[in-house]
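For reference, the chains in residue letters:
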Protein chains: 2
Amino acid sequence: MSASTISRALAKHPRISVKTCELVQKTAAVMNYRPNHLASNLRRGKGKLIGVIIPRINRHFFSHAIAGMEAITNPAGYNLMICQTNEDFESEQQSLQTLINNRVDGIIVSVASGTRTTKHFKAAIDEEIPLLFFDRVMEELDTDRVVNDNFAGAYAVTKHLIEQGFHKIMHLAGPRHINVYKHRYTGYLKAMEEADLEVSPEMVIDDCLTRDKGEQFAEKLCDSGNLPDAIFSASDYSALGVLLVLKKRGINVPSDIGLAGFANEPFTEFLEPSITTLEQFGEDMGQSVARMLIDRLESKEEKKFTSSVSFKPQLIIRESTIKNKI
Amino acid sequence: MSASTISRALAKHPRISVKTCELVQKTAAVMNYRPNHLASNLRRGKGKLIGVIIPRINRHFFSHAIAGMEAITNPAGYNLMICQTNEDFESEQQSLQTLINNRVDGIIVSVASGTRTTKHFKAAIDEEIPLLFFDRVMEELDTDRVVNDNFAGAYAVTKHLIEQGFHKIMHLAGPRHINVYKHRYTGYLKAMEEADLEVSPEMVIDDCLTRDKGEQFAEKLCDSGNLPDAIFSASDYSALGVLLVLKKRGINVPSDIGLAGFANEPFTEFLEPSITTLEQFGEDMGQSVARMLIDRLESKEEKKFTSSVSFKPQLIIRESTIKNKI
DNA sequence: TTGTAGGCGTTATCAA
DNA sequence: TTGATAACGCCTACAA
């Protein structure tokens, strides 16, 4: 029997008799045949490789996202090539080149905070390598994407704070050129506006996403003596920093000041008080984006439109925002 | 100029003139030549692929380990193919087959807790695929490995507890057929023995590694009314479970009972009291094992002996074991 | 429905 | 020191 017949039988090609097909499959199993992916890859010019560019592998959200992607890509025969940018633009640019040189089948990107231009992504687009964004997107580019509805999340938590009786609510923000932080900001604004609460410029603190930054901010805030009713931080880490300083200073959360974060980092559950935050379903999002890419890669007709999936973060209400214990 | 000359020039083959070599390099750069890894892989019969089998990607320790491995393998041109076992033996066996079928260059394994036999690893050894163990090893197999010195870690923390005046110290243990938990157990035993402290069988609780198990254990313990002086858990998660129950029951840590965990999970720092534990340097360990594998793959002469690196966990003393605050 | 033949890009071997 | 050739194993256009 010729190699081509076998190849076709194994690939379940339609123009092959059922009998032959079954015979081949059985014989292949018996003689423990394993197709050589390397040869197949060369022939097809594709490596069954998916590139992933993320800020950091070992953050809670991203490690869960990777787990989700692997869960989809591995059984489908694709490998992941994972690159970390550490939020650095140069590194992102370089990772992209590496992936292109490796002839990856597709690229999933979560943009570094240092990135402000889309030029480097053109290289992938020029090579006709499908480019998908995950969580952190370049909104100017019309590509497949899986994101969080950060606006809804921020809106929900701010509204919750307001309903709890907090009125002067400050916001610890991230760089506004990143969709994620922009939307957390606008969601906050929207909720405040709807409640007729004023947001003066000094109520929004820029570039305050880390524990250190949160601590510095809280120290200054306490020194000023002019406390808000509550603080909604775009990051659990800066919320952590704030809480630690407030506790040190003897300011009670939530009775003196409410506090909420974003991302449901594991530690938020165990702080005292536990911190209200938003769960982001990283694993599901990872699965979703991987499925989206594989669909695009394996669908017969070229897809002419882009898909966009948005996950709604889940508000997790904890002690730090429940003003009046029952 | 012939393809072979160019190939040799690019590979810096010794039998090629310096002039030609330079010319080729320059020309390649000018015309933006990118070698096709796929073809090279086929020819060499190797895919520059490293398989990784771990219990779970998204655990703190393992996600850091992966980050460390990527940091080494990526620049060296290797990709990682990551498989999760979820501690299940079947899944481990299957992952191993998948990796072998993918013609990986080498395999790094952290054994699932469900695994009790080494038979399935023979397949990799038969195929002459280098097999390395990471953290969780099969001690019967003589392979390259990178591990924690769990004995030293457990010994150190137990000794610390004893020095703090805790004498009746219980141990929450994991499955003894896994080196990691066996050594945490024996390290504990050794420290107790050296201090002439008795360890009766009921002082060692088997299969108590999760938050749930820790809670169940603590409930029973409290009901019994017979509290030890301290508890050393082989897992931060069961230590967490214990702490939550003790707090609920109004038992003070550390003044009523001391508590220590293992692995320095991020939440241990923020619990109240913060928990004494051991840091495992996952990222460094990941780098180390990746380097070890690449060395083996790329060294000219076949290595005839196996390497073993042991990292010493760092004792991190926190509130949960400081009996007398100053 | 099946077989034949050629080529994907690289590299090892042999010959020049 | 360089060039020609073959082969890695699979896939597909074309022929039968």
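Residues numbered from 1 in each chain as written. Chains lettered and ligands numbered in written order. Predicted model: local features only at pLDDT ≥ 70, side-chain atom pairs only at ≥ 80, totals over all residues.

### Considerations on the relation of the copies chain B and chain A
What connects the two chain copies is a rotation about an axis and a shift along it.
Part 1 of the reasoning: If you rotate chain B by 180° and push it 0.1 Å along the axis, it lands on chain A with an RMSD of 0.3 Å. Put plainly, the chains are arranged around a two-fold axis. Taking C-alpha positions as reference, the residue of chain B nearest the rotation axis is Phe267 of chain B, located at 2.3 Å.
Part 2 of the reasoning: Of the interface residues in chain B, 100% have counterparts in chain A that sit at the interface too, so the contact is made through matching surfaces. (Least-squares fit on C-alpha atoms with pLDDT ≥ 70 in both. Contact = placed C-beta atoms within 7 Å.)

### Some details on the sheet that holds strand β5 (residues 144-148) of chain A
Residues and elements named next belong to chain A.
Part 1 of the reasoning: Here six strands make up an open sheet; going across it, the order is β2-β1-β3-β4-β5-β11 and the pairing parallel. Edge positions in the sheet fall to β2 (79-84) and β11 (308-311), since each has one partner strand and no second. Across the sheet, the axes of successive neighbouring strands diverge by a mean angle of 15°, strand direction being ignored.
Part 2 of the reasoning: As judged from the three bridges shared by strand β3 (residues 106-109) and strand β4 (residues 131-134), these two strands associate in the parallel manner. (Pairing = 2+ DSSP bridges. Helix = DSSP H or I, 4+ residues; strand = E, 2+ residues; numbered from the N terminus. Axes fitted to C-alpha atoms, helices over the stretch in contact; angles between N-to-C directions.)

### Some details on the domain arrangement of chain A
Part 1 of the reasoning: One can read the domain layout of chain A as domain 1 (3-35), domain 2 (41-147 + 281-311) and domain 3 (150-280 + 315-321).
Part 2 of the reasoning: In this structure, domain 1 of chain A and domain 3 of chain A have C-alpha centres spaced 61 Å apart. (Domains from an automatic or database assignment.)

### So, the interface of chain B and chain A
Part 1 of the reasoning: In this assembly, 30 residues from chain B lie in contact with 30 residues from chain A.
Part 2 of the reasoning: Contributions of two or more residues to the side of chain B that touches chain A are made by α3 (37-44), α4 (60-73) and β2 (79-84) of chain B.
Part 3 of the reasoning: It is β2 of chain B that provides the largest number of residues to the side of chain B that touches chain A, a total of six residues.
Part 4 of the reasoning: Taken together, the residues of the side of chain B that touches chain A break down into 15 nonpolar, 11 polar and four charged. (Nonpolar A, V, L, I, M, F, W, Y, C, P; charged D, E, K, R; others polar.)

### Notes on helix α10 (residues 236-248) of chain B
All names here are of chain B.
Part 1 of the reasoning: Here α10 contains 13 residues, and its C-alpha end-to-end distance of 18 Å stays within 8% of the 18 Å for a straight helix at 1.5 Å per residue.
Part 2 of the reasoning: Looking at α10, one finds that the buried residues are Asp236, Tyr237, Ser238, Ala239, Leu240, Gly241, Val242, Leu243 and Leu246.
Part 3 of the reasoning: Turning to α10, the residues buried within the fold contact β6 (169-172), α9 (211-224), β8 (230-233), β9 (258-260) and β10 (277-279).
Part 4 of the reasoning: Just past α10, the residue Gly250 takes up positive phi, approximately 75°. (Expected span 1.5 Å × (residues − 1). Buried ≥ 20, exposed ≤ 12 C-beta atoms within 10 Å, placed from the backbone.)

### Considerations on the environment of Arg318 of chain B
Residues and elements named next belong to chain B.
Part 1 of the reasoning: Along the chain, Arg318 turns up in the segment after β12 (314-316).
Part 2 of the reasoning: When the 19 C-beta atoms within 10 Å are taken as the criterion, Arg318 is described as partly exposed.
Part 3 of the reasoning: For Arg318 and Gln97, which are 221 residues apart along the polypeptide, the C-alpha to C-alpha distance reads 44 Å.
Part 4 of the reasoning: Beyond its immediate sequence surroundings of up to four residues, Arg318 is in contact with Pro273, Ser274, Ile275 and Thr276.

### Quick word on the protein's contact with DNA strand C
Part 1 of the reasoning: The full set close to DNA strand C counts 22 residues, and Ser4 and Thr5 of chain A together with Ser4, Asn36 and Ala39 of chain B are the nearest of them.
Part 2 of the reasoning: Elements with a minimum of two residues in the surface near DNA strand C: α1 (3-10) and α3 (37-44) of chain A together with α1 (3-10) and α3 of chain B. (Near = placed C-beta within 6 Å.)

### Comments concerning the protein's contact with DNA strand D
Part 1 of the reasoning: Near DNA strand D lie 23 residues; those nearest to it are Ser4, Ala39 and Ser40 of chain A together with Ser4 and Thr5 of chain B.
Part 2 of the reasoning: Put simply, the parts of the chain that give the surface near DNA strand D at least two residues each are α1 and α3 of chain A together with α1 and α3 of chain B.
Part 3 of the reasoning: With five residues, α3 of chain A is the largest single contributor of residues to the surface near DNA strand D.
Part 4 of the reasoning: When the residues that make up the surface near DNA strand D are grouped by side-chain class, the tally is nine nonpolar, nine polar and five charged.

### Thoughts on the packing of α4 of chain B against helix α11 (residues 282-298) of chain B
All names here are of chain B.
Part 1 of the reasoning: The geometry of α4 relative to α11 is characterised by a closest axis approach of 6 Å and an angle of 40° between their N-to-C directions. When the interaxial angle is binned, α4 and α11 end up oblique. Of the two elements, α4 crosses α11, and the hand of that crossing is right-handed. Residues Phe61, Phe62, His64, Ala65, Ile66, Ala67, Gly68, Met69, Ala71, Ile72 and Thr73 of α4 form the contact with α11, whose participating residues are Gly282, Glu283, Asp284, Met285, Gly286, Gln287, Val289, Ala290, Arg291 and Ile294.
Part 2 of the reasoning: Split into classes, the residues belonging to the contact of α4 with α11 amount to 12 nonpolar, six polar and three charged. (Parallel < 35°, antiparallel > 145°, perpendicular 65-115°, else oblique. Left-handed = near helix turned anticlockwise from the far one by under 90°.)

### Considering the packing of helix α7 (residues 150-163) of chain B against helix α8 (residues 179-194) of chain B
All names here are of chain B.
Part 1 of the reasoning: Between α7 and α8, the shortest axis-to-axis distance is 7 Å and the interhelical angle comes to 35°. Remark: the crossing between α7 and α8 carries right-handed chirality. On α8, the residues touching Asn150, Phe151, Ala152, Gly153, Ala154, Tyr155, Thr158, Lys159 and Ile162 of α7 are Val180, His183, Arg184, Thr186, Gly187, Tyr188, Lys190, Ala191 and Met192.
Part 2 of the reasoning: For the contact of α7 with α8, a count of residues per class yields nine nonpolar, six polar and three charged.

### Here's the deal with the nonpolar core
Side chains of nonpolar character tend, in soluble globular proteins, to be buried together.
Part 1 of the reasoning: Membership of the largest hydrophobic core comes to 169 residues, with the highest contact counts inside it found for Val52, Leu259 and Val289 of chain A together with Val52, Leu259 and Val289 of chain B.
Part 2 of the reasoning: Those residues in contact with Val52 of chain A, other than ones at most four positions away along the chain, are Met69, Leu80, Met81, Ile82, Cys83 and Ile108 of chain A. (Core = buried A, V, L, I, M, F, W, Y, C linked by C-beta atoms within 7 Å.)

### Examining the sheet that holds strand β8 (residues 230-233) of chain A
All names here are of chain A.
Part 1 of the reasoning: Reading across from one edge, β7-β6-β8-β9 is the order of the four strands in this open sheet, with parallel pairing throughout. At either end of the open sheet lies a strand with only one pairing partner, and these are β7 (204-205) and β9 (258-260).
Part 2 of the reasoning: As defined by bridge partners, strand β6 (residues 169-172) adjoins β8 across four bridges and the pair is classed as parallel. Along β8, the bridge assignment pairs Leu172 with Ser233.

### Quick look at the environment of Leu243 of chain B
All names here are of chain B.
Part 1 of the reasoning: Along the chain, Leu243 falls in helix α10.
Part 2 of the reasoning: Between the alpha carbons of Leu243 and Ala218 there is a distance of 8.2 Å; along the sequence they are 25 residues apart.
Part 3 of the reasoning: With near-sequence residues (within four places) excluded, Leu243 lies in contact with Val253, Leu259, Leu271 and Ile275.

### Points about the environment of Ile257 of chain B
Part 1 of the reasoning: Inspection of the secondary structure assignment puts Ile257 of chain B in the loop between α10 and β9.
Part 2 of the reasoning: The spatial distance from the C-alpha of Ile257 of chain B to the C-alpha of Asp229 of chain B is 5.1 Å, given a sequence separation of 28 residues.

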